[in-house]
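The lines below spell out each chain.
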Amino acid sequence: MNTLPPPELSLVIPCYNEGEMLPLLRDRLVTSLGAMGVTWEVILINDGSRDNTFAQLAAMHAAEPRFKVLSFSRNFGHQTAVFAGLFHATGNFVAVMDADLQDPPEFVATCIEKLKTGYDVVYAVRRQRKENIFKRTCYAAFYRLLKSIAEVEIPLDSGDFCVMRQCVVTVLRGMPERDVFVRGLRAWSGFRQIGIEYERAARAAGETKYPFRKLVKLAMDGVFAFSPLPLRVATYVGFGSLLLSVGAAVFVILWKTLGFRLFGHYPSEVPGWTSMICLILFLSGMQFLILGVMGEFISRIYNEVKQRPRWIIQTALGLTANQVPPLPPAGGPLP
Ligand code: UDP
Ligand code: MG
């Protein structure tokens, strides 16, 4: 057991194939944390990287034990990695940031100053993204959609980059869900929260570890975990088509009894094939869509019910892997 007093600041950083980034990250962290004049620890989570990330993290820990490492047995995803880091963060202030230096570590000092003026969470709001226009548009649309349909106020254009007090982290640790959406849970927790704008840099090295597929999964986790609207769509559409069909029935009866021309035709002349096909296609499309929505919820419920461990720590350096029973040593060196 670690008997040292907890540090003032814990920094949680998930890393997936960040071999190229780590030397830059280490130097920048040492400089910026040194300048902050606080006691600190950095918890780096190796999320099943396939490059030399783990070897580099182990070397960082050997040279500076305040760099602590959790290494997963496989890739569990960015959000899960952040959550695992939060489980081990003991600092009075806990910061979450990415490994690619898009989030400037110096900004953590600004956030801590703001926290001290009477806040529990200070999150960073991106002023301008440096990604391509397609990604920027998708992000902007997603955050606005989520804000309009979510049951809690999830701030616009803010990611996971934030500094929280330990009391908020304790609340987050108590949340047992599997498909975590950290920024949503953070907003959900309440307390006194505030955003500060910052300039988001471009990735300092390597390429994005968030392909479109993972972004879609993240967006769906956000929507399905924080809004019941997708389920209600079924009810709304059902009502809508019911009203539409009643209106259509009334119209057809009037048309037949009054016998007026519509688009130059009397009711008796209309074969009605095209409209029939359109209607069938539309309604069956709707049914599939709604079944898909139900499927999303059911798969999420199933995921929660299985109660599998949320992550598996294969190696911990400078930390006790206390959240899961320790695994027997692996057959060989980590990839
Ligand atoms: N990451 C991770 N697991 C993953 C994907 C990403 O731990 O499966 C980490 C990655 O190493 C980085 C952070 O999550 O520290 C954000 O990823 P990235 O910068 O590639 O995302 P982007 O900024 O392009 O959206
Ligand atoms: Mg990034």
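Since we're looking at a predicted model, the values are computed, not measured.

Draft legend 1. Quick look at the site of ligand 1. Ligand 1 sits among 20 residues. The nearest are Glu18, Asp100, Thr208, Lys209 and Lys214. A distance of 2.6 Å separates a nitrogen atom of ligand 1 from a polar atom in the side chain of Asp47. With respect to ligand 1, the side chain of Asn75 contributes an N or O atom lying 3.1 Å from an oxygen atom. Taken by itself ligand 1 offers 530 Å² of open surface, and the protein chains cover 97% of this. For the shell around ligand 1, the elements supplying multiple residues, two or more each, are β1 (9-15) and α5 (133-149). Classifying every residue of the shell around ligand 1 by side-chain character gives six nonpolar, five polar and nine charged.

Draft legend 2. Representation of the side chain of His88. With respect to the helices and strands, His88 occurs in helix α3 (residues 78-88). In terms of polar contacts, His88 uses its side chain to reach the backbone carbonyl oxygen of Ala84, at 3.1 Å.

Draft legend 3. Highlighting the coordination of the magnesium ion (ligand 2). Of the protein atoms, only Asp100 (OD) and Gln102 (OE1) coordinate the magnesium ion (ligand 2), at distances of 1.9 Å. Classification of Asp100 by relative accessible area gives buried; the value is 4%. What makes Gln102 buried here is its relative accessible area of 8%.

Draft legend 4. Looking closely at the packing of aromatic side chains. Within this structure, the stated rule accounts for 10 aromatic pairs. A centroid spacing of 6.4 Å and a plane angle of 80 degrees characterise the contact between Phe142 and Phe181, whose relative ring orientation is edge-to-face. Here Phe181 lies in the loop between α6 (166-173) and α7 (182-188) and Phe142 lies in helix α5, a separation of 39 residues in the sequence. Each member of the pair, Phe142 as well as Phe181, carries the same accessibility label: buried. Across the ring face of Phe76, the terminal group of Arg74 is positioned such that the distance to the ring centre comes to 3.9 Å.

Draft legend 5. Focus on the packing of α3 against α6. For the pair α3 and α6, the least separation of the axes is 9 Å and the interaxial angle reads 120 degrees. Considered as vectors, α3 and α6 are oriented oblique to each other. Crossing angle aside, the handedness with which α3 passes α6 is left-handed. Contacts from Phe83, Leu86 and Phe87 of α3 reach α6 at Val169, Leu172 and Arg173.

Draft legend 6. The arrangement of the environment of Asp221 in detail. With respect to the element layout, Asp221 can be found in helix α8 (residues 212-226). The exposure class assigned to Asp221 is buried, which follows from its relative accessible area of 5%. Residues Asp221 and Ile277, spaced 56 residues apart in sequence, show a C-alpha to C-alpha distance of 35 Å. Sequence-distant contacts of Asp221, defined by excluding residues within four places in its chain, comprise Asp179, Val180, Phe181 and Arg300. Among the polar contacts made by the side chain of Asp221, one reaches the side chain of Lys217 at a distance of 2.7 Å.

Draft legend 7. α5, seen in detail. Under the 1.5 Å per step criterion, the end-to-end length of α5 is 24 Å for 17 residues, consistent within 8% with the ideal 24 Å. Along α5, the residues classified as buried are Lys135, Tyr139, Phe142, Tyr143, Leu146 and Ile149. The arc that holds every buried residue of α5, seen down its axis, measures 145 degrees, which confines them to one face. Away from its buried face, by an angle of more than 90 degrees, α5 presents the exposed residues Ile133 and Ser148.

What counts, and at which threshold
Residues numbered from 1 in each chain as written. Chains lettered and ligands numbered in written order. Predicted model: local features only at pLDDT ≥ 70, side-chain atom pairs only at ≥ 80, totals over all residues. Heavy atoms only, no water. Near = heavy atom within 4 Å. Polar contact = N/O pair within 3.5 Å; in protein donor to acceptor, adjacent residues only side chain to side chain. Areas by Shrake-Rupley, 256 points an atom, 1.4 Å probe, with all protein chains shown as cover. Helix = DSSP H or I, 4+ residues; strand = E, 2+ residues; numbered from the N terminus. Nonpolar A, V, L, I, M, F, W, Y, C, P; charged D, E, K, R; others polar. Donors = N, O, S within 2.8 Å, 3.2 Å for Na, K, Ca; no water. Buried < 20%, exposed > 50% of the residue type's maximum accessible area, 1.4 Å probe, protein only. Phe/Tyr/Trp six-rings, centres within 6.5 Å; stacked < 30°, edge-to-face > 60°. Lys NZ or Arg CZ within 6 Å of the ring centre and 35° of its normal. Axes fitted to C-alpha atoms, helices over the stretch in contact; angles between N-to-C directions. Parallel < 35°, antiparallel > 145°, perpendicular 65-115°, else oblique. Left-handed = near helix turned anticlockwise from the far one by under 90°. Contact = heavy atoms within 4.5 Å. Expected span 1.5 Å × (residues − 1). Arc of directions from axis to C-beta.

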